[in-house]
Amino acid sequence: MTIRIETKSGEFELAGISNGNILFSGLAQGLTLPYECATGTCGTCRARVMSGTVDIVWDAAPGFARLKRDKGDILMCQAHTKGDCVLRIPSDVGISERPRPRQFSGEITKTRLLTHDVVHFDVALDARMPFDAGQFVVLAAPGMAGGRAYSMVNYAPETDRLSFVVKKKPGGGFSQWMFGGALQGSRLSVFGAVGKATFRPAVEANDLVIVAGGSGIAGMMSILDCAIAAGHFERHRGRVYFGVRTLADGFYLSELSRFSIAAKGALTISLVLSHETPLRDTHPEFPEIRLDTGFVHEAAARGLEAGTETALGFVAGPPPMVDGAIRVLLKDARIPARSIRYDKFG
Amino acid sequence: MSWIRVCAAAEVPANTAKKFWVAGGIPMLIVNYGSGFRAMPPVCPHMEEPLEDSGVVANCILTCTKHLWAWNLQTLEMQGETERPLQVYEVKQEGGDVFARVDKEILYDFEKDDDMDDDAFFNKS
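Predicted, not measured: the structure shown is a model, and the values here were computed from it. (Residues numbered from 1 in each chain as written. Chains lettered and ligands numbered in written order. Predicted model: local features only at pLDDT ≥ 70, side-chain atom pairs only at ≥ 80, totals over all residues. Heavy atoms only, no water.)

Draft legend 1. Representation of the interface of chain B and chain A within the structure. Every contact between the two is made by 30 residues of chain B and, on the other side, 26 residues of chain A. Note on chain B versus chain A: buried area summed over both sides is about 2,500 Å², and carbon and sulfur give 49% of it. For the pair chain B and chain A, the interface holds one salt bridge. Where chain B meets chain A, there are six residue pairs in polar contact (both at pLDDT 80 or more). For the side of chain B that touches chain A, the secondary structure elements donating two or more residues are α1 (51–54) and β5 (55–58) of chain B. (Contact = heavy atoms within 4.5 Å. Buried area = accessible area lost by both parts, 1.4 Å probe. Salt bridge = Lys/Arg side-chain N within 4 Å of Asp/Glu carboxyl O. Polar contact = N/O pair within 3.5 Å; in protein donor to acceptor, adjacent residues only side chain to side chain. Helix = DSSP H or I, 4+ residues; strand = E, 2+ residues; numbered from the N terminus.)

Draft legend 2. Expanded view of the pattern of salt bridges. For the structure on display, the rule yields 20 salt bridges over all chains. For the salt bridge of arginine 46 of chain A with aspartate 73 of chain A, the shortest nitrogen-to-oxygen distance reads 3.4 Å. Placement of the pair is arginine 46 of chain A in strand β3 (residues 46–51) and aspartate 73 of chain A in strand β5 (residues 73–75), with a sequence separation of 27 residues. In this structure, arginine 66 of chain A engages glutamate 48 of chain B in a salt bridge whose closest nitrogen and oxygen atoms are separated by 3.9 Å. Highlighted residues: arginine 66 of chain A in the loop between β4 (55–56) and β5 and glutamate 48 of chain B in the loop between β4 (37–40) and α1, drawn from two different chains. Using a relative accessible area of 40% as the deciding quantity, one classes glutamate 48 of chain B as partly exposed. Through salt bridges with shared partners, a single network forms among Arg4, Glu6, Glu11 and Arg88 of chain A. (Buried < 20%, exposed > 50% of the residue type's maximum accessible area, 1.4 Å probe, protein only.)

Draft legend 3. Local environment of the environment of arginine 5 of chain B. Residues and elements named next belong to chain B. Position of arginine 5 relative to the elements: it lies in strand β1 (residues 3–8). Of the residues examined, arginine 5 reaches a relative accessible area of 42% and is grouped as partly exposed. Along the backbone, arginine 5 and proline 50 are 45 residues apart, and their C-alpha atoms lie at a distance of 22 Å. In contact with arginine 5, other than residues within four places in its own chain, are Glu11, Asp97, Val98 and Phe99.

Draft legend 4. The arrangement of the packing of aromatic side chains in detail. Residue and element names in this part refer to chain A. For the structure shown, the criterion picks out seven aromatic pairs over all chains. An angle of 80 degrees between the planes, with centres 5.7 Å apart, marks the rings of phenylalanine 131 and tyrosine 155 as edge-to-face. Of this pair, phenylalanine 131 sits in the loop between β9 (118–130) and β10 (136–140) while tyrosine 155 sits in the loop between β11 (148–151) and β12 (158–167), and the two are 24 residues apart along the sequence. Consider the rings of phenylalanine 199 and phenylalanine 314, whose centres lie 6.3 Å apart with planes at 85 degrees: the pair is edge-to-face. (Phe/Tyr/Trp six-rings, centres within 6.5 Å; stacked < 30°, edge-to-face > 60°.)

Written out as structure tokens, the structure reads:
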């Protein structure tokens, strides 16, 4: 089977499609194919089938909305093929110098309820996965169509133990599976690591501004873990704004508190409550964590003083929060777009 | 058609953008970047996001918050990973008013295929 990919920067041939789809196979081969969400929502991995046929996994994927399907346009993340085909991708493609993602298999080894609707779970992989802080994997469970993107919570340059957090969502297949009693020992397929909203302290000498809502804190925990391990806060400042509904909805607070202590005053953490007015300025159990009220991006706007324009901004959370936070980083913190990182799932 | 008064300069404060209708039905975004004005179609050339809502003006840069495409408003240079230029109407300020030169409405061709059908683009010709 031959899969030829024509791009603006030349032609490539995929060695084959193993268990995964066209996007995953190309990324595993080191091609810098365009993608963002890798799960069918954003539409970035658009390609056109010039010859041959492909099978689409999730026909109703939102990422198809702007595609010309009558002309053969597909989302590579949703496309499988069993025979020869030729695809066109309307952009430059090269060979990545970063570790290549690939397919792993994993097993849930631990689950821990963090709040009434948030669960932490650990996955043991069958081999070690290299990844950058802030990256995610695509998880698929047996009997569930398609994959879901989850950011790693932990950080190690290469590890066979990944941690994740999942929030209960009505109708969210994977979340329902987890909350419906996915047991320790459940098997998962894991493709990764992917995602470009990463932090690499070896090449980045900047302060960090992090704005996260709910389970969006996941990748930020990895970034903070990595930054602490690299001694980043010995030379740079960090500000974290973590939005949840009420004090009882806060999680990973002991970890955040530990990060703040390890950073010796260079890392400030604010827990911002959207549906509750805190009775005091700091968390009753974790005095290193400041409490604020309102929307998390508004708290960030109030807290970001002059001098943050050279910082790297990281944003994750529900779409309206991401939009609000990006505005604050651009306008109030005056951080340019090139220094703002988030996973574009929409 | 040529120079058309769009608005009073004071209607668009520094570092903001506002949409107006001119010449009987042409939508136009006026952007004040502090040291000058720009006039343009009111949508992002990427995915038609309405720039009056999704655009942020700071440091002389217009950024669409949807996917962070951005342009320098003085030079119109594309910033970072932006892939399409911003198209603008010629603009001038006279007295307290902003004028744009409109010969015809500028429309981005969102139906264009990003060169998908262009064999030369793929070195196939």
